[in-house]
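Residue-level listing of the chains:
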Amino acid sequence: MLAEKGPDTTVSVTGRTLSLSRVFDAPRDLVWKAYTDPAHVVKWMFANDWEAPFAETDLRPGGKFRIGMRPADHSEEGFVFEGTYSEIVRPERIVQAIGDGRVMKTTFEDVGGKTRLTLSVEMAMSEEQERRGYTQILGHFAQHVATLLGRS
């Protein structure tokens, strides 16, 4: 396990694959919808000081995803995080091929009415940068799920 993890988040690295796991006190169907619906994705899919101005998800094998990323202060244009869905097993698993060839896998496990979300991604940047960014993203996701449950 690594230092600098978010609360309730387990982080591990195997080779060049970063894995983060967190249990959400929410049903799996709600966590799945918050993770995959573009109207929700724009509310959490960004690191601190960033934002997601748009999201498009065609949730099927071969379907595309596109998520706009830019600094929250609009100091620069940003970029588009995009790729193709390789595998969709509702509401258990999503496998994505990111545009640069890396693979990202997300699983949703029902644990007694709660949901364990595990995100594994092949790293493109340094381990520290990837760990920090994805930990922040999962933190924003947790805040969004709490809002959906009326707990924020």
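For the structure, check the block above.
From a predicted model like this one, the values you see are computed outputs, not experimental measurements.

Criteria and thresholds
Residues numbered from 1 in each chain as written. Predicted model: local features only at pLDDT ≥ 70, side-chain atom pairs only at ≥ 80, totals over all residues. Heavy atoms only, no water. Salt bridge = Lys/Arg side-chain N within 4 Å of Asp/Glu carboxyl O. Helix = DSSP H or I, 4+ residues; strand = E, 2+ residues; numbered from the N terminus. Axes fitted to C-alpha atoms, helices over the stretch in contact; angles between N-to-C directions. Parallel < 35°, antiparallel > 145°, perpendicular 65-115°, else oblique. Left-handed = near helix turned anticlockwise from the far one by under 90°. Contact = heavy atoms within 4.5 Å. Buried < 20%, exposed > 50% of the residue type's maximum accessible area, 1.4 Å probe, protein only. Pairing = 2+ DSSP bridges.

A. Representation of the pattern of salt bridges in the model. Applying the stated criterion to the full structure yields 11 salt bridges. Of the charged contacts in the structure, one is a salt bridge between K33 and D37, with a shortest N-O distance of 3.7 Å. Close ionic contact of E56 with R66 constitutes a salt bridge, the shortest N to O distance being 3.4 Å. A residue pair is termed long-range when its members are at least 10 positions apart, and E56 in strand β4 (residues 55–57) and R66 in strand β5 (residues 64–71) qualify at 10 residues.

B. Local environment of the packing of helix α1 (residues 28–36) against helix α3 (residues 127–148). For the pair α1 and α3, the least separation of the axes is 11 Å and the interaxial angle reads 125°. When the axis of α1 is compared with that of α3, the two are oblique. Crossing geometry of α1 relative to α3 is assigned as right-handed. Contacts from L30, V31, A34 and Y35 in α1 reach F141, H144, V145 and L148 in α3.

C. Structural context of the pairing of strand β2 (residues 17–24). Burial analysis of β2 places six of its eight residues in the buried class, the great majority of the element. By the bridge criterion, six bridges tie strand β1 (residues 9–14) to β2 in an arrangement that is antiparallel. Paired with T14 across the strands is T17, a residue of β2. In this antiparallel pair of consecutive strands, β1 and β2, the connection spans two residues, and G15 shows a positive phi of 65°. Where β2 meets strand β9 (residues 114–122), eight bridges bridge the pair, whose relative direction is antiparallel. Opposite R22, over in β9, you have L117 as the bridge partner.

D. Spatial organisation of the pairing of strand β6 (residues 79–89). Pairing between β5 and β6: six bridges, direction antiparallel. Each bridged residue has a counterpart across the sheet, and for K64 the counterpart in β6 is T84. As defined by bridge partners, β6 adjoins strand β7 (residues 93–98) across six bridges and the pair is classed as antiparallel. Considered in β7, the bridge of G83 is made with I98. Linking two consecutive strands that pair antiparallel, namely β6 and β7, is a turn of three residues.

The values are spatial; any link to function lies outside them.
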